[in-house]
Amino acid sequence: MMKLDYRAEKFQKVSVCSIPCDFSDMRIDRSTVPGERYQYEVAGDDDSGGDPARVQREVLVNFFGTLISDVPLPLGCDGVLWLHDRDYVYL
C-alpha cells in the first residue's frame, strides 16, 4: 500500500470536534510526520453515503483519508471517535 510523504503532500483544512486538522484523502507515511503532531485515519462506512463516519489511529476498511493535528483527538475507550453531524467540517 502506497503512503505519501507528509512534507510533500498538500492538505485541506478541516475541523474535527472543533479541533483544527490538516486532511489528505491519501495515506501518509507516519515516519514523515513531525513528532509533535498527531496522525489519525478517517473511515466511511457502508451506510455513510461517502461521508466520514469514524476516526482511528489506523483504518484498514473504508479508508477516507488522513488527519494531522496539533492536539490529540478525543478517541473513545475503544480507540474510535464516531463522527456525528457537524463533528467533521471542511474549513
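Anything mentioned here points back to the structure above.
Residues numbered from 1 in each chain as written. Predicted model: local features only at pLDDT ≥ 70, side-chain atom pairs only at ≥ 80, totals over all residues. Heavy atoms only, no water.

1. Notes on the pairing of strand 1 (residues 12-16)
- Pairing of strand 1 with strand 2 (residues 19-24), which is carried by five bridges, proceeds in the antiparallel orientation. In the strand pairing of strand 2, lysine 13 is matched with aspartate 22.
- Examined bridge by bridge, strand 1 and strand 7 (residues 88-90) share three bridges and lie antiparallel to one another. Looking across to strand 7, one finds that valine 14 is bridged to tyrosine 90. (Pairing = 2+ DSSP bridges. Helix = DSSP H or I, 4+ residues; strand = E, 2+ residues; numbered from the N terminus.)

2. Quick word on the nonpolar core
- Among the nonpolar cores identified, the biggest contains 14 residues, and Val16, Val55, Leu67, Leu73 and Tyr88 are the most heavily contacted of them.
- Counting residues per element, the ones that place at least two in this core are strand 1, strand 2, strand 3 (38-43) and strand 5 (63-69).
- Counting residues per element, this core draws most heavily on strand 2, at three residues.
- Among residues more than four places away in sequence, those in contact with valine 55 are Tyr40, Glu41, Val42, Leu67, Leu73, Leu75, Gly79, Val80, Leu81 and Leu83. (Core = buried A, V, L, I, M, F, W, Y, C linked by side-chain atoms within 4.5 Å. Buried < 20%, exposed > 50% of the residue type's maximum accessible area, 1.4 Å probe, protein only. Contact = heavy atoms within 4.5 Å.)

3. Considering the pairing of strand 5
- Of all seven residues making up strand 5, six are buried, and the element is well covered by its neighbours.
- Relative to strand 5, strand 2 runs antiparallel, the two being bridged by four bridges. The residue of strand 5 that forms the bridge with cysteine 21 is serine 69.
- Of the pairings in the sheet, the one linking strand 3 to strand 5 comprises six bridges and is antiparallel in character. Across the sheet, the residue bridging to alanine 43 is phenylalanine 63, located in strand 5.

4. Focus: unusual backbone geometry
- Phi angles above zero are rare outside glycine, and serine 18 is one such case at about 70 degrees.
- Relative to the helices and strands, serine 18 resides in the loop between strand 1 and strand 2.
- Given a relative accessible area of 68%, serine 18 falls into the exposed group.
- Here asparagine 62, not a glycine, exhibits a phi torsion of approximately 65 degrees, which is positive.
- The residue asparagine 62 is located in the loop between strand 4 (54-56) and strand 5 in this model.
- Owing to a relative accessible area of 34%, asparagine 62 belongs among the partly exposed residues under this scheme.

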